[in-house]
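Okay, here's what each chain looks like letter by letter:
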Amino acid sequence: MLRLATPLARRRLLIGTAAATAALAVPVLRARERGAAPSSPLKLLAHGSLPSGTAFKGTRVGGLSGLAYDEPNKLWYALSDDRGRHAPARCYVLRLPPFDAGQPLLPEWEDVITLRDPDGHPFARQQIDPEALALRPGTDGSPPTLLWASEGNIRTRVAPALYESALDGRLLRALPLPAHLREMGRVRRGPRNNEALEGLALTPDGRHAWAAMESALAQDRGTTSPAAPPGPCRITRFDLTTGQADRQVAYLPEPEPFGPAMPHGVADSGVSEILLRNERHAWVLERAWSLATGVSVRLYEADLDAASDTLDLDTLRPGGFRPAPKRLLLDFRASGLPHIDNFEAMAWGPPLPNGHRTLVLCTDDNFNPLQVTQFVVFEVTSPGFGTSP
């Protein structure tokens, strides 16, 4: 989750938000010729933003940080990262209008799933911080299940976690994380607060899940200097049959997403979501925030097979590992969107009549009245990306 930490930051954001609100009065935008970069495989189809204060079944809708699509039933699942402040930890069930119908991309709410702890009770307040979601297909007629990640709360000694739950919210299992992803209590070691598990994606064959850290472990960053590069994020693969981690790669976010000369200091990029295009290639959403310029969102493709395995490395030192090579797919400033907010959720949608894939994203509004919950859909137009793997 990307949070605005101070009242000053919120006041300054208000200026940009007022202008964005006017732009958002137009709920649907077709991609213009000047929209995405010529080399981008993504074309904006439609978007929409929820009215402020949207509520459903006694809950405040917001904090949407994970998104998954159930194609057989044409249903979407959206995970809220509410830590229990507004309602118990939950996942919304919704439908979206046809992407090529020229309608605002606004959800029709179907249900709310309350996520439950090992004792069958709703998770206690501050016990979890849900940040990422994947829908694991059922087998032999069984229903799908919710695979989801909690960022935890390092300051209060709540460790990050990876869970699998039934569609009624019952907890089925917790998958064990490697020790370095859940270590707490030692100086300059382990995950940093609010920068732990943030992305989650299934492989196309459903056998594995990849879970991404938002930023580097304390020991991997190498320095505590505010001007230091963000450091390597660990992305870990889990065998869903055994529940065990079996591979891990390092991914390097952009060190200067807004350029080298920022008036308010360095603004680090972090991984806010991942998605598997095929067994080898991951689409990685990088997100950063600057007091001066607002939110930066960029989508990259990373080659997982070209990276070395870091699972057994306690500390990632320069020259001691090979990070995943990456290439830029889209800078959201060139997407045609009138406003860019805090994108944290990403999923493949249904194919278009022409056979091209669709990519759907959603923003986390942090339950902040100065931010919005956006739904956005892109068409994947490049021949290399246009069909399912």
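For every chain, the first residue of its written sequence is number 1, and the numbers climb from 1 along that sequence. It should be noted that, the model being predicted, local features are given only for residues of pLDDT at least 70 and side-chain atom pairs only at 80 or more, the latter also being counted only at that level, while totals for whole chains, interfaces and linings use all residues. Hydrogens are left out, water is left out, and the side-chain values use all remaining heavy atoms of the structure.

*Asks:* Please provide a residue-by-residue account of the pattern of salt bridges, values included.
*Replies:* Whenever a carboxyl oxygen of Asp or Glu lies within 4 Å of a side-chain nitrogen of Lys or Arg, that contact is scored as a salt bridge. Counted under the stated rule, the structure contains 23 salt bridges. For lysine 57, the salt bridge identified is with aspartate 111, shortest N-O distance 2.9 Å. Separated by 54 residues along the polypeptide, lysine 57 in the loop between strand E2 (55-56) and strand E3 (59-60) and aspartate 111 in strand E7 (residues 108-114) bring together distant segments of the chain. Relative accessible area serves as the criterion here: at 58%, lysine 57 is assigned to the exposed category. Measuring nitrogen to oxygen at the nearest pair gives 2.7 Å for the salt bridge that ties arginine 173 to glutamate 164. Throughout this description, buried means an accessible area under 20% of the type-specific maximum (1.4 Å probe, protein chains only), exposed means over 50%, and partly exposed covers the range between. Classification of glutamate 164 as buried rests on a relative accessible area of 5%. Sharing partners across several salt bridges, the network here consists of Glu183, Arg186, Arg189 and Asp314. Under the scheme used here, helices are H or I runs from DSSP no shorter than 4 residues and strands are E runs no shorter than 2 residues, and both carry numbers assigned from the N terminus.

*Asks:* Lay out the packing of aromatic side chains with the relevant residues and their values.
*Replies:* Any two rings among Phe, Tyr and Trp, with Trp reduced to its six-membered ring, count as a pair given centres within 6.5 Å; such a pair is stacked if its planes are under 30 degrees apart, edge-to-face if over 60, and tilted if neither. A full pass over the atoms with the stated rule returns nine aromatic pairs. Taken together, a centroid distance of 5.8 Å and an interplanar angle of 85° make the contact between phenylalanine 123 and tryptophan 148 edge-to-face. In this pair, phenylalanine 123 is assigned in the loop between E7 and strand E8 (130-136) and tryptophan 148 in strand E9 (residues 145-150), connecting sequence segments 25 residues apart. Relative accessible area serves as the criterion here: at 5%, phenylalanine 123 is assigned to the buried category. Relative accessible area serves as the criterion here: at 0%, tryptophan 148 is assigned to the buried category. Lying over the aromatic face of tyrosine 300, lysine 326 brings its terminal NZ or CZ to 4.2 Å of the ring centre. Lysine NZ or arginine CZ positioned within 6 Å of the ring centre and within 35 degrees of the ring normal marks a charge as sitting over the ring. Looking at arginine 357, its charged tip hangs above the ring of tryptophan 348, at a distance of 3.8 Å from the centre.

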